[in-house]
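Analysis of the macromolecular model
These are the residues of each chain, in order.
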Amino acid sequence: MSPLNPANIPLSLYIHMPWCVRKCPYCDFNSHAVPDGHLSMDLEQQYLAALVADFETQIEMAQGRSIHSVFIGGGTPSLISAQGYQWLFEQLKARLSFEADCEITLEANPGTVEHDPFADYLAVGINRLSLGVQSFDTEHLQRLGRIHTASNALDAIQQARQAGFERVNVDLMHGLPQQTEQQALTDLKLAVGHGATHISWYQLTIEPNTVFFRTQPVLPQDEVLENIQAEGEAYLKANGYVNYEVSAWRKEKPSAHNLNYWQFGDYLAIGAGAHGKVTRPEGVYRFQKTRLPKDYLAKVPAEHVQMKRIEADELPFEFMMNALRLNHGIDAALYAQRTGLNLAELAPILNTLREKKLLIADVNRIACTEQGHIFLNSVLEAFL
């Protein structure tokens with residue numbers, strides 16, 4: 001394994017806000033219902049201070065790099081006030097430089113009662129919104145346990161654009177309980193018609209440790225799911241959206257933060273349960289933070305990190321699991337740069353996949369064919 005040069009690898013930052021108004025029955029993320037139904041100013045300030053202390057312990061991991069992009073996920077990050085984010089960014093930027101055009105994304109709930117006006121978030125430096133809409137059908141939203149209505153969701157997109165956000169992602173799920181093909185397509189049409197510049201469109205999956213896993217809803221038949229996928233893709237393409245990743249469609253430029261994940265870049269991580277990845281000259285490491293907010297707040301920052309090196313025999317799968325999600329794939333030269341391994345060692349696997357028409361023939365790029373994307377799990381298994 002060759003020595004790695006972190007200076008050539010972009011560095012992002014993930015910030016986790018663990019609270020939401022109510023836990024959704026399909027959600028397996030590290031999210032927790034806010035204490036007493038309201039996030040107090042004291043708890044907000046306590047948590048933000050913990051984030052800064054956590055960040056300070058990771059500055060050496062930057063190894064001289066600036067922050068390339070920021071993603072604030074949750075939970076419901078819009079429970080935190082714009083004033084709170086202003087203070088947080090001031091503290092973080094005082095400790096580590098941010099690139100001049102740093103993309104800063106905030107996940108926001110379309111509900112109208114638990115966040116500040118979108119213009120206030122834009123004013124403190126957040127320049128991209130990701131709205132957790134999931135559906136524009138109020139009955140489907142109720143089945144999903146969402147606290148917003150269809151009109152809330154439509155208003156949220158409009159308010160974000162009117163506030164000045166030029167980049168607005170809308171998260172939509174399809175294959176919902178009792179959802180028809182027409183209803184799924186209507187969701188897409190409403191997102192497009194109301195100005196979403198980026199759409200994350202993915203099928204509902206039932207995950208362990210969720211309410212839906214314990215009490216499984218009746219989902220559409222496979223034939224319906226296939227038709228939804230085909231019709232939805234055709235509609236988005238016809239309306240000028242580019243499918244640049246498995247479930248990501250864009251009219252604007254791609255999300256810099258998500259691209260860095262998929263191109264096996266590095267990212268610091270602060271907050272309860274946050275996951276990070278850093279490259280050092282001797283290898284690639286992943287780390288995870290204490291999950292429960294009360295435990296995160298109780299521990300000193302040094303006790304949060306559980307660092308694990310990715311072993312050399314695991315790196316090919318780890319790299320490909322991310323890179324092959326991109327429809328255009330990845331420059332083959334990035335493999336050695338991001339893993340320290342010689343791509344030639346994978347030649348037998350790559351050649352076999354090319355012969356099966358699952359990878360494109362271009363040896364300078366690692367990318368799935370259309371058939372390869374359909375059987376992506378099988379392609380990835382070849383690297384295990």
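Since the structure is predicted, the reported quantities are computational estimates derived from the model, not experimental observations. (Residues numbered from 1 in each chain as written. Predicted model: local features only at pLDDT ≥ 70, side-chain atom pairs only at ≥ 80, totals over all residues. Heavy atoms only, no water.)

Our focus in this paragraph is the nonpolar core. Across soluble globular proteins, nonpolar side chains have a tendency to be buried as a group. If you look at the biggest cluster of nonpolar residues, it comprises 73 residues, and the most contacted ones within it are Ile15, Met17, Tyr85 and Ile199. Sort the elements by how many residues they give to this core and helix α1 (residues 41-56) lands first, with 7 residues. When near neighbours in sequence (up to four residues on either side) are disregarded, Met17 contacts Tyr47, Leu48, Leu51, Ile72, Gly73, Gly74, Gly75, Thr76, Pro77, Ile80, Tyr85 and Leu88. Within the second largest apolar cluster, 26 residues are counted, among which are Leu324, Tyr335, Leu341 and Leu343. (Core = buried A, V, L, I, M, F, W, Y, C linked by side-chain atoms within 4.5 Å. Buried < 20%, exposed > 50% of the residue type's maximum accessible area, 1.4 Å probe, protein only. Helix = DSSP H or I, 4+ residues; strand = E, 2+ residues; numbered from the N terminus. Contact = heavy atoms within 4.5 Å.)

Before going further, it helps to examine the pattern of salt bridges. Within the structure shown, the criterion is met by 12 salt bridges. Among the ionic pairs, Glu103 bridges to Arg167, the shortest N-O distance being 2.9 Å. Taken together, the positions of Glu103 in strand β5 (residues 98-108) and Arg167 in the loop between α6 (150-163) and β7 (168-174) put the pair 64 residues apart, joining distant regions of the chain. The exposure class of Glu103 is buried, given its relative accessible area of 4%. Take Arg167: its relative accessible area is 11%, and that puts it in the buried class. The shortest N-O distance in the salt bridge between Arg167 and Glu252 comes to 2.4 Å. In this pair, Arg167 is assigned in the loop between α6 and β7 and Glu252 in the loop between β10 (248-250) and α10 (256-262), connecting sequence segments 85 residues apart. (Salt bridge = Lys/Arg side-chain N within 4 Å of Asp/Glu carboxyl O.)

When the terminal C-alpha atoms of helix α7 (residues 181-193) are compared, their 18 Å separation across 13 residues agrees well with the 18 Å that a helix rising 1.5 Å per residue should span. By the burial criterion, the buried members of α7 are Ala184, Leu185, Asp187, Leu188, Ala191 and Val192. Down the axis of α7, the buried side of the element spans an arc of 145°, and every buried residue falls inside it. Looking at the buried residues of α7, the elements they touch are β6 (128-134), β7, β8 (198-203) and α9 (222-238). With its phi angle positive at about 100°, Gly195 sits one or two positions after the end of α7. (Expected span 1.5 Å × (residues − 1). Arc of directions from axis to C-beta.)

Under the domain assignment used here, the chain contains domain 1 (6-260) and domain 2 (312-383). Computed over C-alpha atoms, the centres of domain 1 and domain 2 are 29 Å apart. Each partner contributes residues to the interface: domain 1 has 9 residues there, and domain 2 has 6 residues. Contact between domain 1 and domain 2 buries roughly 690 Å² in total, counting both sides, with carbon and sulfur atoms accounting for 50%. Three residues stand out in domain 1 for area buried against domain 2, namely Ile9, Glu245 and Val246, and they jointly supply 51% of the buried area on that side. Summed over the shared surface of domain 1 and domain 2, the number is 1 salt bridge. Close ionic contact of Glu245 with Arg325 constitutes a salt bridge, the shortest N to O distance being 2.5 Å. There are 4 residue pairs in polar contact (both at pLDDT 80 or more) connecting domain 1 and domain 2. The element that contributes the greatest number of residues to the side of domain 1 that touches domain 2 is strand β9 (residues 242-245), accounting for 3 residues. Classifying every residue of the side of domain 1 that touches domain 2 gives 5 nonpolar, 3 polar and 1 charged. (Domains from an automatic or database assignment. Buried area = accessible area lost by both parts, 1.4 Å probe. Polar contact = N/O pair within 3.5 Å; in protein donor to acceptor, adjacent residues only side chain to side chain. Nonpolar A, V, L, I, M, F, W, Y, C, P; charged D, E, K, R; others polar.)

Once that is clear, we can look at the packing of α7 against α9. Taken N-terminus to C-terminus, the directions of α7 and α9 make an angle of 25°; their axes are 9 Å apart at the nearest point. If you check the angle between α7 and α9, you find them roughly parallel. Between α7 and α9 the crossing geometry is right-handed. On α9, the residues that touch Glu181, Ala184, Leu185, Leu188, Lys189 and Val192 of α7 are Val224, Asn227, Ile228, Glu231, Gly232, Tyr235 and Leu236. Of the residues belonging to the contact of α7 with α9, the class tally is 8 nonpolar, 2 polar and 3 charged. (Axes fitted to C-alpha atoms, helices over the stretch in contact; angles between N-to-C directions. Parallel < 35°, antiparallel > 145°, perpendicular 65-115°, else oblique. Left-handed = near helix turned anticlockwise from the far one by under 90°.)

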